[in-house]
Amino acid sequence: MMTLLLLKLPYFTVVVLTLLGLAAMVFKKNLIKILMGLSLMESAVNLFLVATGYRMGGVAPIFTNAPSPHMTLPTVQALTLTSIVIGVATSAMMLSFAMVIYKKYGTVDSQKVKKLKG
Amino acid sequence: MMDTFVMRHLPALLIATPLFAAFLMPLVGNAGRTVRSAWVFLGALLTSAIGLALAWKVLATGTVLYVFGAATTQQALPPDAAFPIRIMFQVDALSALMAVIVSLSSLGITIYSLAAESKQSGLETFYAMLFLLIAGVLGMVVTGDLFNFFVFLEISSLAGAALVAYRVDDGVAVEAGLKYALLSTVGALAVLTAIGILFAQYNALNLASLAARLQFTALDKVALVLLAVPLAMKCGAVPMHFWTPDTYTTAPSSVTAFLVVSSQASLYALFRILFTLYGHLVQFSWATFGWFLIVLGVLSMFIGVTMAIPQKDVKRLMAYHAVSQTGYMLLGVGVGLAVLGNAEALKTYGKTAMAGGLFHIINHAMYKGLLFLTAGAIFLRTGTRNLNRLGGLGHTMPWTMVFFMIGALAIAGVPPFNGFASKLLIYESVFRFSPFLSIIAMVVSILTLASFVKVFHSMFLGPPRAEFAEAREVPAPMFIGMALLALFVVVAGLMPQPFIDHLISPAVDALVDRSGYIAAILGGR
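Residues numbered from 1 in each chain as written. Chains lettered and ligands numbered in written order. Predicted model: local features only at pLDDT ≥ 70, side-chain atom pairs only at ≥ 80, totals over all residues.

**Overview of the overall build of chain B**
Each helix and strand counted, chain B has 20 helices and 2 strands in total. Taken against the 2.2 N^0.38 rule, which gives 24 Å for 525 residues, the C-alpha radius of gyration of chain B at 22 Å falls within 12% of a compact globule. Taking the principal axes of its C-alpha atoms as reference, chain B extends roughly 75 × 60 × 40 Å. The buried share among the 525 residues of chain B stands at 63%. Sequence separation of at least 24 residues holds for 81% of the intrachain contacts in chain B that already meet a minimum separation of 6. (Helix = DSSP H or I, 4+ residues; strand = E, 2+ residues; numbered from the N terminus. Rg over C-alpha atoms; globule rule 2.2 N^0.38 Å. Buried ≥ 20, exposed ≤ 12 C-beta atoms within 10 Å, placed from the backbone. Contact = placed C-beta atoms within 7 Å.)

See the structure below:
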């Protein structure tokens, strides 16, 4: 029972992180905080990917001196690495956008950054 | 020898060429303006040539498979495994159609931008981003791997957002860029979650082998929603169209014209997922998902055009028309999806509707690109996009006026331009499915015409105005870029049949033929 709960724990964390991120994006007005919410959601998705790839007792497929023949294909880990790299690029670009907006408007309040209309 | 080597590695070169052009851009830019322009032109020309050659090869010999890292590029399955483990590009006739669209429009747009952007600073970064955008869009349409698709989706979104924000314009452009980047990223995260769900269940990322294994469990339905909704948003379908007017208005015109193509790559992905990944399952209700596309399409058509009519900013107006025209594609292909289970209906009108929808994608990319480019030409010469301030430009910019007329008549579906050819296919076939939908489509066309007559009148007609006395015809590269797109609009309008027979019909068959797509990878297994 306890192990089962522990195995499901990452998925609960994913749900909590996603909700926290969504809440930050919807309810916060500061652009930086909105971007932090997005970052949280990214972490949630990454955690989800890694969690799906975990197999009890599986080892990494390194054949030299392998302790057990039960190996897991490390595809999701590769996906997560790629996704982290993409996430870094996205965050960096959007934060630099926020910087330019602060320079031009003097605020990062999403309610006041509204020169676009219609 | 060289020829066969190039022909064998076309799919890889298709992505490698724009990436190479992009990453060497900062270095080449140091060598001066002329060298940089030559590099940009060469990169665009090569990419387009490779795209067209690949499409020609696919249409001549059937689906082209390219497996990265295998002993031969054709070896989809490793000798000792029953499922594909490598990343592969799978270019069938539908992907070939999209590759043709991207190739033609990227060439015209890049040539145009050489003159249109020449006064701006930081052009190395601009062109690096433009080539990244081209590489991302090309990757989205040729890949046969779901995770690979996500990567290319992110490349195109990021490059697109950076280009939207390129002209800071007192922060307005950055605001639009941030909006686009934020929405794209949230959408891409949903797509990634769906990929995770599918991988966790079926241990596959390859589209064909996923399609072969899909059971349509409850989780698969969740994954379908997580895939379909963000992609519908990225193609600008109402009610998720709110980013299009801001993004399309503030981006430099050459970029806007390409963002239209990039949103159509999302449309392609939406079709691919509905038809290839989720099609033909026993529990699957074609009618439901067909109507999902039809409702999105009708809403987009009607709301898009009604929002366009009162706009004062010419690019904003065109952006709403882009939403409206996307509706036609969704309607045409949606009707095809709705009757997919009914072989008789599919044969009599379903395939024609899909052909209309797919033909409209290529036509739209050309005439909408042309319209955005003319708007950019006018902005370059007058410094304004406000329809109330513009006027009398027909005296000083006659060629731009001619190109605008060609584009405007094509978007309104007036013969003999290409918009008419695809809309006629949609009207005829949708009428047999539901006359009411067909009538809506026609009414939207009339409203589109009305809207563009107004734009034409306020921009080009009237006496010459003193404040625009300086306005003159655009420089040669912009003229050539617009002429390329206009040429396609006219040729495809006068002779649509060769295009339909050799380009569109194979694409429709490829979209319907799900088992063919799977068999190309898995063989008989």
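**Quick look at the overall build of chain A**
Looking only at helices and strands, one finds 3 helices and 0 strands in chain A. Along the chain direction, N to C, the helices and strands of chain A fall in the order α-α-α. Computed over C-alpha atoms, the radius of gyration of chain A comes to 20 Å, more than 25% over the 13 Å expected from 2.2 N^0.38 for 118 residues, which places it beyond the range of a compact globule. Reported as C-alpha extents along the three principal axes, the dimensions of chain A are approximately 60 × 35 × 20 Å. Counting over 118 residues, chain A shows a buried share of 21%. When contacts within chain A are restricted to residue pairs at least 6 apart in sequence, those whose partners lie at least 24 apart make up 49%.

**Description of the interface of chain B and chain A**
Across the contact, 29 residues belong to chain B and 26 residues belong to chain A. Going through the elements one at a time, α6 (146-164), α7 (172-202) and α10 (243-250) of chain B are the ones with two or more residues in the side of chain B that touches chain A. Per-element tally for the side of chain B that touches chain A: the top contributor is α7(B), with 16 residues. Looking at the side of chain B that touches chain A residue by residue, the class counts come to 19 nonpolar, 5 polar and 5 charged. (Nonpolar A, V, L, I, M, F, W, Y, C, P; charged D, E, K, R; others polar.)

**Some thoughts on the confidence of the model for chain A**
The share of residues in chain A with pLDDT of 70 or more is 97%, and the mean pLDDT across the chain is 87. For chain A, the element scoring lowest by mean pLDDT is helix α1 (residues 2-27) of chain A, at 89; helix α2 (residues 31-52) of chain A scores highest, at 93. (pLDDT = per-residue confidence, 0-100.)

**Some details on the confidence of the model for chain B**
Residues and elements named next belong to chain B. When pLDDT is averaged across chain B, the result is 89; 98% of the residues are at 70 or more. Element-level mean pLDDT values for chain B span from 76 in helix α1 (residues 2-8) up to 94 in α6. Under the prediction, the complex receives an ipTM of 0.93, its pTM being 0.93.

**What about the pairing of strand β2 (residues 88-91) of chain B?**
Within a regular beta strand, the side chains point alternately toward one face of the sheet and then the other, so they alternate between its two faces. Residues and elements named next belong to chain B. Of the two faces of β2, the one holding M88 and Q90 and the one holding F89 and V91 are both buried throughout. Examined bridge by bridge, strand β1 (residues 64-67) and β2 share 4 bridges and lie antiparallel to one another. Of the residues in β2, the one forming a bridge with L65 is Q90. (Pairing = 2+ DSSP bridges.)

**Some remarks on the environment of B:L425**
Assignment of secondary structure puts B:L425 in helix α16 (residues 418-433). Here B:L425 is in contact with B:T352, B:A355, B:G356 and B:F359, once residues within four sequence places are set aside.

**Let's talk about the nonpolar core**
Where a protein is soluble and globular, its nonpolar side chains tend to be buried together. Residues and elements named next belong to chain B. In terms of nonpolar packing, the biggest core is built from 240 residues, with L97, L331, L370 and V489 touching the most fellow members. Sort the elements by how many residues they give to this core and helix α14 (residues 343-382) lands first, with 19 residues. Residues in contact with L370, not counting those within four places in the same chain, are F403, I406, G407, M482, L485, A486 and V489. (Core = buried A, V, L, I, M, F, W, Y, C linked by C-beta atoms within 7 Å.)

**Let's talk about α10(B)**
Residues and elements named next belong to chain B. Extensive coverage of α10 is indicated by the burial of 8 of its 8 residues. Here α10 has its buried residues at W243, T244, P245, D246, T247, Y248, T249 and T250. Looking at the buried residues of α10, the elements they touch are α6, α7, α11 (253-277) and α13 (314-338).

**Looking at helix α5 (residues 123-142) of chain B**
Helix length check: α5(B), at 20 residues, gives a terminal C-alpha distance of 29 Å against a target of 28 Å (1.5 Å per residue), a fit within 8%. With 18 of 20 residues buried, α5(B) lies mostly within the body of the structure. (Expected span 1.5 Å × (residues − 1).)

**Let's talk about the environment of B:L387**
Residue and element names in this part refer to chain B. Within the secondary structure layout, L387 lies in the loop between α14 and α15 (398-411). Along the chain, L387 and A116 lie 271 residues apart, while their C-alpha atoms are 21 Å from each other. Contacts of L387, omitting those with residues within four sequence positions, involve K312, V314, V455, S458 and M459.

**Description of the packing of α1(A) against α2(A)**
Residues and elements named next belong to chain A. Axis separation between α1 and α2 bottoms out at 7 Å; the angle between their running directions is 160°. Between α1 and α2, the angle falls in the class roughly antiparallel. Here the hand of the crossing between α1 and α2 comes out left-handed. In this structure, α1 uses P10, Y11, T13, V14, L17, T18, L20, G21, L22, A24 and M25 to contact α2, whose residues at the interface are K33, I34, M36, G37, L38, L40, M41, S43, A44, L47, F48 and A51. (Axes fitted to C-alpha atoms, helices over the stretch in contact; angles between N-to-C directions. Parallel < 35°, antiparallel > 145°, perpendicular 65-115°, else oblique. Left-handed = near helix turned anticlockwise from the far one by under 90°.)

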